[in-house]
Each structure stands twice: as structure tokens, then as C-alpha cells.
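# Coordinates in review
Each chain, written out:
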Amino acid sequence: MEFTSDDARAHYDAVRAVLDGVVVGLDFDGTLSPVVDDPEAARLHPGAPGALLELAEVVRAVAVITGRPARQAVAMGDLDALGNAMLDRGAELFVFGQYGNERWRATDQRIRSPRPPAGLATFERELPAVLRKADAADAFIEEKGLAVAVHTRRMDDPAGALERLRGPVAELAARHHLSIEPGRNVVEIRSGDMHKGQAVRAFIAEQQATGIVFGGDDLGDIEAFEAVRALRADGLPGLVVCSASHEQPDLEELADVVVEGPAGVVELLTRLASPLRA
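In this report, the structure presented in the accompanying data block is examined. (Residues numbered from 1 in each chain as written. Predicted model: local features only at pLDDT ≥ 70, side-chain atom pairs only at ≥ 80, totals over all residues. Heavy atoms only, no water.)

Attention shifts here to the overall build of the protein. Secondary structure assignment for the protein yields 9 helices and 13 strands. Put simply, the protein has 278 residues, and 55% of those count as buried. Of all intrachain contacts in the protein linking residues separated by at least 6 positions in sequence, the fraction that spans at least 24 positions is 71%. Here the protein has roughly 11,900 Å² of accessible surface; of this, 46% comes from carbon and sulfur atoms. The distance from the centre of the 29 positive side-chain charges to the centre of the 45 negative ones in the protein is 5 Å. (Helix = DSSP H or I, 4+ residues; strand = E, 2+ residues; numbered from the N terminus. Buried < 20%, exposed > 50% of the residue type's maximum accessible area, 1.4 Å probe, protein only. Contact = heavy atoms within 4.5 Å. Areas by Shrake-Rupley, 256 points an atom, 1.4 Å probe, with all protein chains shown as cover. Lys, Arg positive; Asp, Glu negative; His and termini not counted. Charge placed at Lys NZ, Arg CZ, Asp CG, Glu CD.)

Below is the structure:
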């Protein structure tokens, strides 16, 4: 765990001072779960459930804020059982799926989701031809319901394939009035009406939080990082945590704390909670 500045340490202390009213937002892939070649094989870091249970005793609420569909994140993280256990410890668990478009909460375990954006179905039909022309026909297409993700991690040259397909995929998305979200060997196509920054703001307002901790690892987390920094400028204690990786170093300069991947996130959450629990 590395503080990026003296101010960053002060932000950590400010959050700790109001911890019983703090909400914690965490990305899934690369933050709570190690990134794997097969996105359907992702699972929580082994230490994450225990760390979240400890955290539930000292904070107001926790949310997993992810680009994944909420149902998928709940299943992969066994979050229904974890959410029930966290309720017993005093904090509720939420999942904001697909960048905040979907919502799940432990108290009722129901998912609320809007309809898919207009143009997405046609985009999906036209996508394979675009990938073939970009010499990226072997890219893995993940259908998310409200979005489509194109993964190159399994290919021989993931970075080169991503570079070849990014432009053509962006052009196709623009024709159907959709937005693209680049990431770690992946580009996601979705409606641009919602992002993680809006999800963070809504979560804070709903919980009437006295502070916020947000942790993420990829470009899709930038809006959440910026939302925390803006709220902090308005007087709300906030801490931004980067789960660092060699694939995506850009977020480190926006963070207060840099940790080494999901294992580092688990260590930080445990450190955040354990002195007050004791």
C-alpha cells in the first residue's frame, strides 16, 4: 500500500475519522477479482469475502460497481450469500451492474434493469464482419444484455489486435449512436447515458454517506475517480484507490493509494477496518 502524496495520507485519515458513515465502492474485475483470460471464469480473490465481512462491521454500505451484468457479478462472487452475511454484521451490499444501469441489493436480491439501448442488436449483427476486416475474427464477443464487450486477451497479440479493431468498432458504434469504453485488452460498446461516476454519486446520496472510498483498476473507473475527487473538493471525505497493473498504469496518477492488484485491495480493506474493530 503506497500513498501517492502527503495529502493522500490526510484523505485516508479523514475517511477513517467518519468510517461509520462511509460507503465503499469497488470494481469487480482487477479489483476484487484477478483478471483472467476467460471473463466467465473470474472469481473473487480468496481474501475478499473475509475482508468485506470485516468492513461491514465499521462502514455504512458497500457496493460492487462493475461493467459486468449485475446477475453475473452476483453469481461469480457468490454475493447473495456474502450480502446476507454482511447484513448480519451491520452493512448492506449492493451491486451496480453495467456501469450503474442495473441494480441489485442484498435485502431483496432483485435486479432492476432498463431495456437494451436502441441500435445494440443491429450492432451485434454487423460486428463479426467488422472484426474479420480488422483481422481480429478470433476476438471473443461477450454479450452483456445492455452492452457488448470485445476481448482480445486470448489472441496471440492482444494489444495489436485491440489496436486494429478499435477504430472500426468505434465507427460501427457511432453509426448506431452507441459509445465505446476501452479497457485492458477489451473494448466495450454500450449506451453512454450512464457511467460509474453517476453510480457513485447516486450511492452516496441514497446512503446519506459521510465519506466515500472507491477502488478500481481500469479506464472505466475514471469517472468514479473523478466523482470522488470532485465531491472531496466540496468537503466530503473521500479516498481513491488504484488496484495497479502493468497493463493499465494510467489510473495511478489519479489515485491517493496504489496497491498491488486484488491482493493489495484486500489488504487495504482489512487495514481500513481492523483497528476500529479491535
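Tracing the backbone through its elements, the reader meets K144 in the loop between β7 (140-143) and β8 (147-151). Residue K144 is classed as buried on the basis of its relative accessible area of 10%. The contact partners of K144, leaving out residues within four places of it in the chain, are G67, R68, P69, Q98, A149 and E188.

A few words now on the nonpolar core. Core analysis: the largest hydrophobic core is formed by 43 residues, its most contacted members being V24, L52, L55, L79 and L269. Setting aside residues up to four positions removed in sequence, L79 forms contacts with L44, V64, A73, V74, L93, V95 and W104. I204, A209, F225 and L254 belong to the second largest nonpolar core, which has 27 residues in total. (Core = buried A, V, L, I, M, F, W, Y, C linked by side-chain atoms within 4.5 Å.)

As summarised here, the arrangement of the 9 strands in space is β1-β13-β12-β11-β2-β3-β4-β5-β6, forming an open sheet in which the pairing is mixed. Each edge of the open sheet is held by one strand with a lone partner, namely β1 (2-3) and β6 (111-112). Taken strand by strand, helix α3 (residues 70-77) contacts β4 (92-97), β5 (102-105) and β6, and its axis lies near 130° from that of β4. (Pairing = 2+ DSSP bridges. Axes fitted to C-alpha atoms, helices over the stretch in contact; angles between N-to-C directions.)

Looking now at the packing of aromatic side chains. By the definition in use, this model includes 5 aromatic pairs. Measuring from centroid to centroid gives 6.2 Å for F94 and F96, while their planes differ by 10°, and the two rings are stacked. The class of F94 is buried, set by a relative accessible area of 0%. Seen from their ring centres, F94 and F203 are 5.6 Å apart, and the 65° between their planes marks the pair as edge-to-face. Note that F94 is positioned in strand β4 and F203 in helix α7 (residues 196-207), a separation of 109 residues in sequence. Of the two residues examined, F94 and F203, each falls in the buried class. Chaining the aromatic ring pairs together yields one cluster made of F94, F96 and F203. The lysine or arginine in question, R154, covers the ring of F140, its NZ or CZ lying 4.3 Å from the ring centre. (Phe/Tyr/Trp six-rings, centres within 6.5 Å; stacked < 30°, edge-to-face > 60°. Lys NZ or Arg CZ within 6 Å of the ring centre and 35° of its normal.)

Another aspect to go through is the packing of helix α2 (residues 48-56) against helix α4 (residues 79-89). Interaxial distance between α2 and α4 falls to 8 Å at its minimum, and their mutual angle equals 30°. By the angle between their axes, α2 is roughly parallel relative to α4. For α2 against α4, the interelement crossing comes out right-handed. Contacts between α2 and α4 involve P49, L52, L53, E54 and A56 on the former and, on the latter, L82, A85, M86 and R89. (Parallel < 35°, antiparallel > 145°, perpendicular 65-115°, else oblique. Left-handed = near helix turned anticlockwise from the far one by under 90°.)

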